[in-house]
Amino acid sequence: MSRHTKTPDSIDQDQFLSILSREAAIDRFEAALFPRDLPGEMRALSDALGCALAHDVVAPIDVPPFDRSNVDGFAVQSSDLALASEAAPRRLALNGEVIACGTAPMRPVLPGTATPIATGGPLPRGADAVVMVEHTQPAGDRAIDIRRAASPGQFVSYAGSDIARGEVLLRTGTVIGSREIGMLAACGIAQVPVARKPRVGVLSTGDELVQPGEPLRPAAIYDTNGAIVTAAINENGGEAAFLGAIPDDETQLESAMRKALAGNDMLVLSGGTSKGAGDVSHRIIARLGAPGIIAHGVALKPGKPLCLAVCDGKPVVILPGFPTSAMFTFHDIIVPVLRRMAGLPPRSDAKVSAKVPVRIASELGRTEFVMVSLVEGADGLIAYPSGKGSGAITTFAQADGFLRIDALADQMPAGTKAEVTLFTPHVRPPDLVIVGSHCTGLDLVTAPLARAGLLVRSIAVGSLGGLAAAKRGECDFAPIHLFDDKSETYNTPYLTAGLELVPGWRRMQGIVFRKGDKRFEDVSVQDAVRAALADPACIMVNRNQGAGTRILIDRLLGDARPDGYWNQPRSHNAVAAAVAQGRADWGMTIAPVAHAYDLGFIPHAEEHYDFALVTARKQRPAVQAFFDALASDEARAALSAAGFRPA
Ligand code: AMP
Ligand code: MG
């Protein structure tokens, strides 16, 4: 199937000649790969963890291999003890041996006698029961008084009662975990027949990629996909070989791909699939083997540029470059194929139902995956979408799972009960939920809570978003820094019934510039802005509408709209990075961030970063712990050292 073929389930686009629906892409990919033979191999037991059994394993011996005592005590003939009781103990003569573990008994137990035996010791001839040492009393060196009756078979495990020789111990396809390893070891099996793990070559592509550990050149980024794809393959039954990042050069890439394909059962690339100028990998695939490309462009979000191919029976996949897109497409479409090739059952993901508190817009025609953080609300779980976009990597690490919006829906309305697929087998709702404006100072206050084992979830949605969540009772408190023009005060005017303000800390806002810039060195904020506006070559960086910082900037600028005004990033760090890297000459950010980027700083106004506490949640232990920590000397010192002024 070539990507130029039009099909009824394809949606035409200019960039991708034929976009397939998610389901059609999966069907075609799997049809080109399965059924197939799964090669097996023998693996040492110590090396078999996580593999799937290639054949049934039949027990070669009985476990236990002999009748065994379950307790420390005396091997006896139960008929001797029929009348034994506390009031009338029965005296038995001791046989002259002690059966320890690993000792084969030499003497029979005859009527009227008993043999001391340890837990796990083999029952001697003649004995049919064991009495516990606790129910006996020594009677000199040669005899024992027994105070209880014994039934036949008491405290005895018979040979084969655990595992019987000839029974099927483990079935084909069973994934070998520690329990299975235990069963195999008990039977003395040292080599296990398993499905051979598919060997998967992993290549990253892009001129901009640098491996972790190397210094980052200007305009370069670290290769995230290489590490994450390698780990995800190993997590799902494959044996990944990371082969490095290859520049966007057709000759180099083709030779790397050919070599990787020759030595592996599967090839996973990332990047270079968007059909940009430097994107060449999909062109190469067409030359690597039949049938070649199965799908290039799938109606998924994130993940549209996914390219699926089969070259002479081996799957070749190009994941989208953005790490989040790469991970979603990998888990949704590649993992099922990989697990099938590894002989593993489909992954069983845990799912929970949760209410989505805000409307999520969605693109019509694409199956959309949205990562969410879960918190416990008054009536059940609440799923917050984490909206950092497909270029973000932290969304994956901080999210609890994801929800799916159908290709035919253009939104998920606020209040929807959605099914959330969890990234881990269970949800652990956080002990403390903070929703609002994020500040690096928060991490300093929550440090002791984390040390005490409390799970703190901080969801950055901005001050207004946090306030709305607090009013709906979805968080314990909302960090806010909202300036009220009318009263010229921070935060208090924004509180409503059920919320109370707990003072946090002050953050000095000011103008940042590169050190040595004469327009800004040693001048007041007002003069700095005047100098910037007077210089047509000077470019600013603004902040997003709704940010407290933006209000300060707009007051300083009045009606002026200098170059760069429409560059409106959403964080303090982005402002500092833009100035540090020369994309802009000035902007407004907070002092700790300015210092972290080694920028010049003109202090302007102290902003109040406080907490809108949901009164109904005030008594919760984690909330108390947070505010105790906030008041502690440790946190106050840490905040001051980081450039904040505790209130
Ligand atoms: P591409 O499909 O090559 O145009 O890549 C799309 C985006 O993903 C670009 O911003 C790339 O820099 C980024 N990207 C590609 N490969 C990687 C990678 N291995 N790790 C992190 N980001 C990547
Ligand atoms: Mg690229």
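Since the structure is predicted, the reported quantities are computational estimates derived from the model, not experimental observations.

Focus on the pattern of salt bridges
Step number 1: Counted by the stated rule, this structure contains 39 salt bridges.
Step number 2: Of the charged contacts in the structure, one is a salt bridge between Glu 23 and Arg 404, with a shortest N-O distance of 4.0 Å. With a gap of 381 residues between them, Glu 23 in helix 1 (residues 22-33) and Arg 404 in strand 28 (residues 401-405) connect regions that are remote in the sequence.
Step number 3: A relative accessible area of 42% places Arg 404 in the partly exposed class.
Step number 4: Ionic pairing is found between Asp 476 and Arg 617, a salt bridge with its closest N-O pair at 3.1 Å. Taken together, the residues Asp 476 in the loop between helix 9 (462-471) and strand 33 (477-480) and Arg 617 in the loop between strand 39 (600-614) and helix 14 (621-631) connect sequence positions 141 residues apart. One exposure class covers both Asp 476 and Arg 617, and it is buried.
Step number 5: Through salt bridges with shared partners, a single network forms among Glu 250, Glu 254, Arg 258, Arg 283 and Arg 287.

A look at the nonpolar core
Step number 1: Residues Phe 29, Ile 233, Leu 308, Leu 319, Phe 330 and Ile 334 are the most contacted members of the largest nonpolar core, which totals 37 residues.
Step number 2: Per-element accounting of this core gives the leading share, 10 residues, to helix 6 (residues 323-341).
Step number 3: Other than its neighbours up to four places away in sequence, Ile 334 contacts Phe 29, Met 266, Leu 308, Val 317, Leu 319 and Thr 329.

Remarks on the sheet that holds strand 23 (residues 314-319)
Step number 1: Taken in spatial order, the 6 strands of this open sheet run 18-15-19-23-22-20, and their pairing is mixed. The two strands at the open ends of the sheet, each matched to only one other strand, are strand 18 (239-246) and strand 20 (291-296). Adjacent strand axes in the sheet meet at a mean angle of 15°, parallel and antiparallel pairs treated alike.
Step number 2: Relative to strand 23, strand 22 (residues 307-311) is paired through 5 bridges, and the arrangement is antiparallel. Following the sheet pairing, Cys 311 is matched in strand 23 by Lys 314.
Step number 3: Those strands touched by helix 6 are strand 15 (199-205), strand 19 (266-270), strand 22 and strand 23, and its axis lies near 170° from that of strand 23.

A look at the sheet that holds strand 8 (residues 113-117)
Step number 1: Ordered by their spatial adjacency, 6 strands build an open sheet running 9-6-8-7-11-10, and the pairing between neighbours is mixed. Of all the strands in the sheet, the pair left with one neighbour each is strand 9 (129-132) and strand 10 (136-139). Put simply, the sheet's adjacent strands are angled 40° from each other on average, direction ignored.
Step number 2: Bridge analysis of strand 10 against strand 11 (residues 143-146) gives 4 bridges, and the strand direction is antiparallel. Across the sheet, residue Pro 138 finds its bridge partner in strand 11, namely Ile 144.

Observations regarding unusual backbone geometry
Step number 1: Look at the link from Ala 290 to Pro 291: it is a cis peptide, with omega at -5°.
Step number 2: Within the fold, Pro 291 resides in strand 20.
Step number 3: Lys 301 connects to Pro 302 through a cis peptide bond whose omega is -5°.
Step number 4: Looking at the secondary structure, you find Pro 302 in the loop between strand 21 (300-301) and strand 22.
Step number 5: With phi around 65°, Asn 491 is a residue other than glycine that occupies positive phi space.
Step number 6: Structurally, the position occupied by Asn 491 is in the loop between strand 35 (489-490) and strand 36 (499-513).
Step number 7: Given a relative accessible area of 0%, Asn 491 falls into the buried group.
Step number 8: The phi angle at Asp 522 is positive, at roughly 55°, despite the residue not being glycine.
Step number 9: Looking at where Asp 522 falls in the secondary structure, it is placed in the loop between strand 36 and helix 10 (525-534).

Observations concerning the packing of helix 8 (residues 440-451) against helix 15 (residues 633-641)
Step number 1: Orientation of helix 8 relative to helix 15, taken along the N-to-C sense of each, is 150°, at an axis distance of 8 Å. Accordingly, the angle class assigned to the pair helix 8 and helix 15 is roughly antiparallel. Note on packing geometry: the crossing formed by helix 8 with helix 15 is right-handed. Contacts between helix 8 and helix 15 involve Gly 441, Leu 444, Val 445, Pro 448 and Arg 451 from the first element and Glu 634, Ala 635, Ala 638 and Leu 639 from the second.

Procedures and definitions
Residues numbered from 1 in each chain as written. Chains lettered and ligands numbered in written order. Predicted model: local features only at pLDDT ≥ 70, side-chain atom pairs only at ≥ 80, totals over all residues. Heavy atoms only, no water. Salt bridge = Lys/Arg side-chain N within 4 Å of Asp/Glu carboxyl O. Helix = DSSP H or I, 4+ residues; strand = E, 2+ residues; numbered from the N terminus. Buried < 20%, exposed > 50% of the residue type's maximum accessible area, 1.4 Å probe, protein only. Core = buried A, V, L, I, M, F, W, Y, C linked by side-chain atoms within 4.5 Å. Contact = heavy atoms within 4.5 Å. Pairing = 2+ DSSP bridges. Axes fitted to C-alpha atoms, helices over the stretch in contact; angles between N-to-C directions. Parallel < 35°, antiparallel > 145°, perpendicular 65-115°, else oblique. Left-handed = near helix turned anticlockwise from the far one by under 90°.

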